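Next come the chains, spelled out residue by residue.
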Amino acid sequence: MDSDLAEAVSALKSAFEQRKITFRFDKGDPTAIENLRKTLKVPARYRSFLAAADPVDVETVTPVERVRFIPAAKLAEEQIGYSVPADGQELAPGWRKSWIIVARSALLGDPYFLDISKLDAEGDCPVFSAMTGTDSLKPELCASSLQQFLRILAASMETASGFGDALMDDDDERTFRETLAPRIKTIDSAALRAGHWT
(Lines give C-alpha, C1' and ligand atoms only; values in the text may rest on other atoms or scores of the structure.)
Protein backbone atom coordinates (compact mmCIF):
# COMPACT_ATOMS: atom_id res chain seq x y z
CA MET A 1 0.00 0.00 0.00
CA ASP A 2 1.42 3.40 -0.97
CA SER A 3 2.06 6.08 1.66
CA ASP A 4 -0.95 8.28 0.76
CA LEU A 5 -3.33 5.35 1.07
CA ALA A 6 -1.63 4.12 4.25
CA GLU A 7 -2.04 7.60 5.81
CA ALA A 8 -5.73 7.67 4.84
CA VAL A 9 -6.31 4.24 6.44
CA SER A 10 -4.41 5.38 9.53
CA ALA A 11 -6.56 8.54 9.77
CA LEU A 12 -9.73 6.44 9.53
CA LYS A 13 -8.50 4.03 12.22
CA SER A 14 -7.66 6.99 14.46
CA ALA A 15 -11.16 8.41 13.99
CA PHE A 16 -12.67 5.07 15.09
CA GLU A 17 -10.37 4.97 18.13
CA GLN A 18 -11.15 8.59 19.04
CA ARG A 19 -14.88 7.86 18.92
CA LYS A 20 -14.43 4.51 20.73
CA ILE A 21 -16.30 2.68 17.93
CA THR A 22 -15.39 -0.96 17.37
CA PHE A 23 -13.87 -1.77 13.97
CA ARG A 24 -11.71 -4.46 12.41
CA PHE A 25 -9.29 -4.34 9.49
CA ASP A 26 -7.29 -7.51 8.67
CA LYS A 27 -4.72 -8.54 6.12
CA GLY A 28 -6.53 -9.72 2.99
CA ASP A 29 -6.13 -13.21 1.53
CA PRO A 30 -3.82 -12.82 -1.52
CA THR A 31 -5.54 -15.65 -3.42
CA ALA A 32 -9.00 -14.15 -2.89
CA ILE A 33 -7.76 -10.69 -3.87
CA GLU A 34 -6.18 -12.05 -7.05
CA ASN A 35 -9.48 -13.76 -7.84
CA LEU A 36 -11.26 -10.38 -7.44
CA ARG A 37 -8.82 -8.89 -9.95
CA LYS A 38 -9.61 -11.61 -12.46
CA THR A 39 -13.38 -11.80 -11.99
CA LEU A 40 -14.40 -8.23 -11.16
CA LYS A 41 -11.37 -6.31 -12.48
CA VAL A 42 -10.83 -4.75 -9.05
CA PRO A 43 -8.18 -2.05 -9.65
CA ALA A 44 -4.63 -2.14 -8.26
CA ARG A 45 -5.05 0.49 -5.55
CA TYR A 46 -8.18 -1.10 -4.11
CA ARG A 47 -6.46 -4.49 -4.17
CA SER A 48 -3.54 -3.05 -2.21
CA PHE A 49 -6.05 -1.61 0.28
CA LEU A 50 -7.69 -5.04 0.69
CA ALA A 51 -4.29 -6.75 1.05
CA ALA A 52 -3.17 -4.42 3.85
CA ALA A 53 -6.48 -3.40 5.46
CA ASP A 54 -9.36 -5.68 4.47
CA PRO A 55 -12.43 -4.01 6.09
CA VAL A 56 -13.75 -7.11 7.87
CA ASP A 57 -15.99 -5.11 10.24
CA VAL A 58 -15.88 -1.40 9.38
CA GLU A 59 -18.85 0.96 9.59
CA THR A 60 -18.36 4.70 9.86
CA VAL A 61 -20.90 6.55 12.01
CA THR A 62 -21.92 10.19 11.60
CA PRO A 63 -25.16 12.05 12.28
CA VAL A 64 -26.11 11.97 8.60
CA GLU A 65 -24.69 8.68 7.24
CA ARG A 66 -23.31 5.29 8.17
CA VAL A 67 -21.00 3.72 5.58
CA ARG A 68 -20.44 -0.04 5.92
CA PHE A 69 -17.50 -1.40 3.95
CA ILE A 70 -17.74 -4.78 2.26
CA PRO A 71 -14.93 -7.19 3.17
CA ALA A 72 -12.98 -8.92 0.40
CA ALA A 73 -14.65 -12.27 1.15
CA LYS A 74 -18.10 -10.80 0.34
CA LEU A 75 -17.19 -8.41 -2.47
CA ALA A 76 -18.07 -10.75 -5.36
CA GLU A 77 -21.39 -11.73 -3.74
CA GLU A 78 -22.31 -8.06 -3.28
CA GLN A 79 -22.16 -7.47 -7.05
CA ILE A 80 -24.93 -10.00 -7.80
CA GLY A 81 -27.94 -8.23 -9.22
CA TYR A 82 -25.82 -5.20 -10.11
CA SER A 83 -22.75 -5.70 -12.33
CA VAL A 84 -23.15 -9.49 -12.14
CA PRO A 85 -26.57 -10.80 -13.18
CA ALA A 86 -28.45 -13.02 -10.76
CA ASP A 87 -29.47 -16.41 -12.17
CA GLY A 88 -31.78 -15.80 -15.11
CA GLN A 89 -32.00 -12.06 -14.50
CA GLU A 90 -30.61 -8.98 -16.19
CA LEU A 91 -28.41 -6.36 -14.58
CA ALA A 92 -30.03 -3.73 -12.41
CA PRO A 93 -31.52 -1.07 -14.73
CA GLY A 94 -28.95 1.63 -15.47
CA TRP A 95 -26.13 -0.20 -13.68
CA ARG A 96 -22.81 -0.33 -15.52
CA LYS A 97 -20.45 -3.31 -15.55
CA SER A 98 -17.61 -0.90 -14.69
CA TRP A 99 -19.11 -0.14 -11.26
CA ILE A 100 -17.88 -2.22 -8.31
CA ILE A 101 -19.76 -1.92 -5.02
CA VAL A 102 -17.31 -1.55 -2.11
CA ALA A 103 -19.60 -0.23 0.63
CA ARG A 104 -23.24 0.48 1.44
CA SER A 105 -25.16 3.06 3.38
CA ALA A 106 -26.20 1.26 6.56
CA LEU A 107 -29.08 3.75 6.82
CA LEU A 108 -30.54 3.57 3.31
CA GLY A 109 -28.84 0.58 1.68
CA ASP A 110 -27.56 2.67 -1.22
CA PRO A 111 -24.28 1.43 -2.73
CA TYR A 112 -20.92 3.18 -2.73
CA PHE A 113 -18.98 2.02 -5.77
CA LEU A 114 -15.75 2.40 -7.71
CA ASP A 115 -16.04 3.43 -11.35
CA ILE A 116 -13.22 1.43 -12.92
CA SER A 117 -13.84 3.03 -16.34
CA LYS A 118 -12.10 6.12 -14.91
CA LEU A 119 -8.80 4.58 -13.71
CA ASP A 120 -5.85 6.89 -13.18
CA ALA A 121 -2.14 6.09 -13.62
CA GLU A 122 -1.92 4.73 -10.05
CA GLY A 123 -4.74 2.24 -10.59
CA ASP A 124 -7.17 4.31 -8.55
CA CYS A 125 -10.60 5.57 -9.53
CA PRO A 126 -13.44 7.74 -8.21
CA VAL A 127 -16.02 6.58 -5.68
CA PHE A 128 -19.70 7.27 -6.36
CA SER A 129 -23.03 6.56 -4.70
CA ALA A 130 -26.47 6.25 -6.22
CA MET A 131 -29.92 6.13 -4.71
CA THR A 132 -31.50 2.76 -5.43
CA GLY A 133 -35.21 2.05 -5.71
CA THR A 134 -35.78 4.93 -8.12
CA ASP A 135 -36.71 4.93 -11.82
CA SER A 136 -33.19 5.87 -12.88
CA LEU A 137 -29.74 5.78 -11.31
CA LYS A 138 -28.07 9.14 -10.87
CA PRO A 139 -24.50 8.57 -9.62
CA GLU A 140 -23.12 11.22 -7.27
CA LEU A 141 -19.39 11.71 -6.87
CA CYS A 142 -18.37 10.95 -3.29
CA ALA A 143 -14.60 11.19 -3.78
CA SER A 144 -12.17 11.52 -6.66
CA SER A 145 -10.14 8.54 -5.40
CA LEU A 146 -10.16 5.80 -2.79
CA GLN A 147 -7.61 7.67 -0.69
CA GLN A 148 -9.80 10.79 -0.70
CA PHE A 149 -12.90 8.70 0.13
CA LEU A 150 -11.15 7.27 3.21
CA ARG A 151 -9.97 10.74 4.24
CA ILE A 152 -13.48 12.20 3.85
CA LEU A 153 -14.90 9.39 5.99
CA ALA A 154 -12.22 10.02 8.64
CA ALA A 155 -12.95 13.77 8.61
CA SER A 156 -16.69 13.03 8.89
CA MET A 157 -16.11 10.77 11.88
CA GLU A 158 -13.85 13.36 13.55
CA THR A 159 -16.40 16.13 12.93
CA ALA A 160 -19.18 13.91 14.30
CA SER A 161 -17.35 13.54 17.63
CA GLY A 162 -18.37 17.12 18.46
CA PHE A 163 -22.06 16.36 17.93
CA GLY A 164 -22.62 13.55 20.43
CA ASP A 165 -24.93 10.59 19.92
CA ALA A 166 -28.30 12.25 20.49
CA LEU A 167 -30.96 12.27 17.78
CA MET A 168 -30.54 15.23 15.49
CA ASP A 169 -33.15 17.40 13.87
CA ASP A 170 -32.82 19.06 10.45
CA ASP A 171 -31.05 22.11 11.90
CA ASP A 172 -28.47 19.89 13.64
CA GLU A 173 -27.85 17.94 10.43
CA ARG A 174 -27.43 21.19 8.49
CA THR A 175 -24.95 22.43 11.11
CA PHE A 176 -23.00 19.17 10.88
CA ARG A 177 -22.83 19.40 7.08
CA GLU A 178 -21.75 23.07 7.25
CA THR A 179 -19.04 22.17 9.77
CA LEU A 180 -17.81 19.29 7.58
CA ALA A 181 -17.77 21.20 4.27
CA PRO A 182 -14.48 23.14 4.78
CA ARG A 183 -12.70 19.91 5.72
CA ILE A 184 -13.97 18.17 2.58
CA LYS A 185 -12.89 21.16 0.48
CA THR A 186 -9.27 20.69 1.59
CA ILE A 187 -9.43 16.93 0.84
CA ASP A 188 -11.37 16.88 -2.44
CA SER A 189 -12.95 20.06 -3.80
CA ALA A 190 -14.66 18.11 -6.61
CA ALA A 191 -16.47 15.95 -4.04
CA LEU A 192 -17.56 19.07 -2.17
CA ARG A 193 -18.96 20.59 -5.38
CA ALA A 194 -20.82 17.34 -6.17
CA GLY A 195 -22.75 17.82 -2.93
CA HIS A 196 -23.09 14.24 -1.70
CA TRP A 197 -21.67 15.01 1.75
CA THR A 198 -23.16 18.49 2.11
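Residues numbered from 1 in each chain as written. Predicted model: local features only at pLDDT ≥ 70, side-chain atom pairs only at ≥ 80, totals over all residues. Heavy atoms only, no water.

**Q** Tell me about the pattern of salt bridges, and please be specific about residues and values.
**A** In the structure shown here, the tally under the stated rule is 11 salt bridges. R66 is the salt-bridge partner of E59, the closest N and O atoms lying 2.7 Å from each other. Of the residues examined, E59 reaches a relative accessible area of 15% and is grouped as buried. You can call R66 partly exposed: its relative accessible area is 31%. The closest approach of N and O atoms between R68 and E59, which form a salt bridge, is 3.0 Å. (Salt bridge = Lys/Arg side-chain N within 4 Å of Asp/Glu carboxyl O. Buried < 20%, exposed > 50% of the residue type's maximum accessible area, 1.4 Å probe, protein only.)

**Q** Residues and numbers for the nonpolar core, please.
**A** Counting residues in hydrophobic clusters, the biggest one holds 56 residues, and the most contacted among them are Y46, F49, F69, F149 and L150. Sort the elements by how many residues they give to this core and helix α5 (residues 146-160) lands first, with 9 residues. Setting aside anything within four residues of it in sequence, one finds F69 in contact with L12, Y46, P55, V58, V102, A103, F149, L150 and L153. (Core = buried A, V, L, I, M, F, W, Y, C linked by side-chain atoms within 4.5 Å. Helix = DSSP H or I, 4+ residues; strand = E, 2+ residues; numbered from the N terminus. Contact = heavy atoms within 4.5 Å.)

**Q** Talk me through the pairing of strand β6 (residues 111-115); I want residue IDs and the actual numbers.
**A** Within a regular beta strand, the side chains point alternately toward one face of the sheet and then the other, so they alternate between its two faces. A large share of β6 lies buried, amounting to 5 of its 5 residues. Across 5 bridges, strand β5 (residues 99-105) lies against β6 in antiparallel orientation. Note on β6: the bridge partner recorded for A103 is Y112. Between β5 and β6, which pair antiparallel one after the other, the connecting turn spans 5 residues, and G109 there sits at a positive phi close to 85°. Both β6 and strand β7 (residues 127-129) contribute to a ladder of 3 bridges, which runs antiparallel. (Pairing = 2+ DSSP bridges.)

**Q** Summarise the environment of S156; cite the residues concerned and give the values.
**A** For S156, the location among the structural elements is in helix α5. The class for S156 is buried, based on a relative accessible area of 4%. Separated by 126 residues in the primary sequence, S156 and P30 place their C-alpha atoms 31 Å from one another. Ignoring sequence-local partners within four residues, the contact set of S156 consists of T62, F176 and L180.

Keep in mind that these numbers describe shape and distance, not what the molecule does.
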